[in-house]
Amino acid sequence: MCHSDGVIIRIEPARPADVDALVGLLTELAVFYGTDSRPDVDETEDALFGDLPAATVLLAWAGADLAGMAAYTYLWPAVGTRRSLYLKELFVAGEHRQSGVGRRLMAALFEIAEQRGCSRVEWTADQGNTAAQRFYAELGAAVLPTKLFYRSDLR
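Residues numbered from 1 in each chain as written. Predicted model: local features only at pLDDT ≥ 70, side-chain atom pairs only at ≥ 80, totals over all residues. Heavy atoms only, no water.

(A) Focus on the overall build of the chain. Across its full length, the chain holds 4 helices and 6 strands. In terms of overall dimensions, the chain is globule-like: its C-alpha atoms have a radius of gyration of 16 Å, near the 15 Å expected for 155 residues. Each of the three principal axes of the chain carries a C-alpha extent, and together these read 40 × 40 × 35 Å. Expressed as a percentage of the 155 residues in the chain, the buried residues total 35%. (Helix = DSSP H or I, 4+ residues; strand = E, 2+ residues; numbered from the N terminus. Rg over C-alpha atoms; globule rule 2.2 N^0.38 Å. Buried < 20%, exposed > 50% of the residue type's maximum accessible area, 1.4 Å probe, protein only.)

Encoded structure:
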């Protein structure tokens, strides 16, 4: 736990009961990225707790407020036959930025990766998101110039 302006920050795995709060934070995320896409409660619940979970999510709570989230999954193989933890999305609600929430979420991810025997933690950042790039640099992470990120959208 960490304190932010006198409020204790709890980091814990998302539960089905958290889906409504998470959809609210995902809506703020969509606005942040300037997309018209809005999350759906049923799709979010299925993606996290359905028969084929797409990701695991850690939530950061500041009292009763959902302050941030880290959505991750595992990639295999990474080094040899080991897996890596892949951070798909780290997002901190606007009112909780610069309060240590992002650092706490990242620390929790690194702890999970170690516990699960991962060889590394990997993620991407948008080229235009200089705040995220500074944040990751402050954590000691280096940009990997040997990889290109590809995407093919499906209909």
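(B) Spotlight on the packing of helix 3 (residues 101-115) against helix 4 (residues 130-138). The interhelical angle for the contact between helix 3 and helix 4, taken along N-to-C directions, is 55 degrees, at an axis separation of 11 Å. Relative to helix 4, helix 3 is oriented oblique. In the crossing of helix 3 with helix 4, the sense of the turn from one axis to the other is right-handed. Two secondary-structure elements touch here, helix 3 through Gly 102, Arg 103 and Met 106 and helix 4 through Phe 135, Tyr 136 and Glu 138. Across the contact of helix 3 with helix 4, the residue classes tally to 3 nonpolar, 1 polar and 2 charged. (Axes fitted to C-alpha atoms, helices over the stretch in contact; angles between N-to-C directions. Parallel < 35°, antiparallel > 145°, perpendicular 65-115°, else oblique. Left-handed = near helix turned anticlockwise from the far one by under 90°. Contact = heavy atoms within 4.5 Å. Nonpolar A, V, L, I, M, F, W, Y, C, P; charged D, E, K, R; others polar.)

(C) A look at the nonpolar core. In this structure, Leu 58, Leu 85, Leu 90, Leu 105 and Leu 109 are the most contacted members of the largest nonpolar core, which totals 24 residues. Taken together, the elements giving at least two residues each to this core come down to strand 2 (7-13), strand 3 (56-62), strand 4 (65-75), strand 5 (84-92), helix 3 and helix 4. Broken down by element, this core gets its largest block of residues, 7 residues, from helix 3. For Leu 90, the residues in contact, after removing those within four places along its chain, are Met 69, Ala 70, Leu 105, Met 106, Phe 135 and Tyr 136. Counting residues in each nonpolar core, the second largest holds 14 residues, with Leu 59, Leu 66, Met 69 and Ala 71 among its members. (Core = buried A, V, L, I, M, F, W, Y, C linked by side-chain atoms within 4.5 Å.)

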